[in-house]
Amino acid sequence: VAWPVTAALQHKKRQKEVYSRLPLGYDDEDGHLVPVDEEQELFEIIDQHAQGLPLHQIAGGLNRFGVPGKRGGKFYASTIRAIIQNSLHEELRTAA
């Protein structure tokens, strides 16, 4: 039962359709994920991680500068890891 659900979610993600909570960098427009320019700028964290900066230091820097998370909260190392590993951002990872 888990496989069909996983496959369906991966299909929605590939098609840039809303599939769960909105990920950082995107908003919902008629059921489709559309980029949010202000949040897209945060993807420099992918470059920072690729250059060797630890996840907790990236999160700490964002928090020090008062950058809010997607739902207004703080950033944590686990949040940064989830952003970096999200397959929606695959093209950003390969460019880094």
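All of the points below concern the structure found in this document. (Residues numbered from 1 in each chain as written. Predicted model: local features only at pLDDT ≥ 70, side-chain atom pairs only at ≥ 80, totals over all residues. Heavy atoms only, no water.)

Phi at Asp 30 takes a positive value of approximately 55°, unusual for a residue other than glycine. Tracing the sequence through the fold places Asp 30 in the loop between β1 (26–29) and β2 (32–35). Judged by its relative accessible area of 75%, Asp 30 falls in the exposed class. (Helix = DSSP H or I, 4+ residues; strand = E, 2+ residues; numbered from the N terminus. Buried < 20%, exposed > 50% of the residue type's maximum accessible area, 1.4 Å probe, protein only.)

The interhelical angle for the contact between helix α4 (residues 55–64) and helix α5 (residues 77–85), taken along N-to-C directions, is 105°, at an axis separation of 8 Å. Looking at the two axes, α4 sits roughly perpendicular to α5. Of the residues in α5, those in contact with Leu 55, His 56, Ile 58, Ala 59 and Leu 62 of α4 are Ala 77, Ile 80, Arg 81 and Ile 84. Within the contact of α4 with α5, the residues separate by chemical class into 7 nonpolar, 1 polar and 1 charged. (Axes fitted to C-alpha atoms, helices over the stretch in contact; angles between N-to-C directions. Parallel < 35°, antiparallel > 145°, perpendicular 65-115°, else oblique. Contact = heavy atoms within 4.5 Å. Nonpolar A, V, L, I, M, F, W, Y, C, P; charged D, E, K, R; others polar.)

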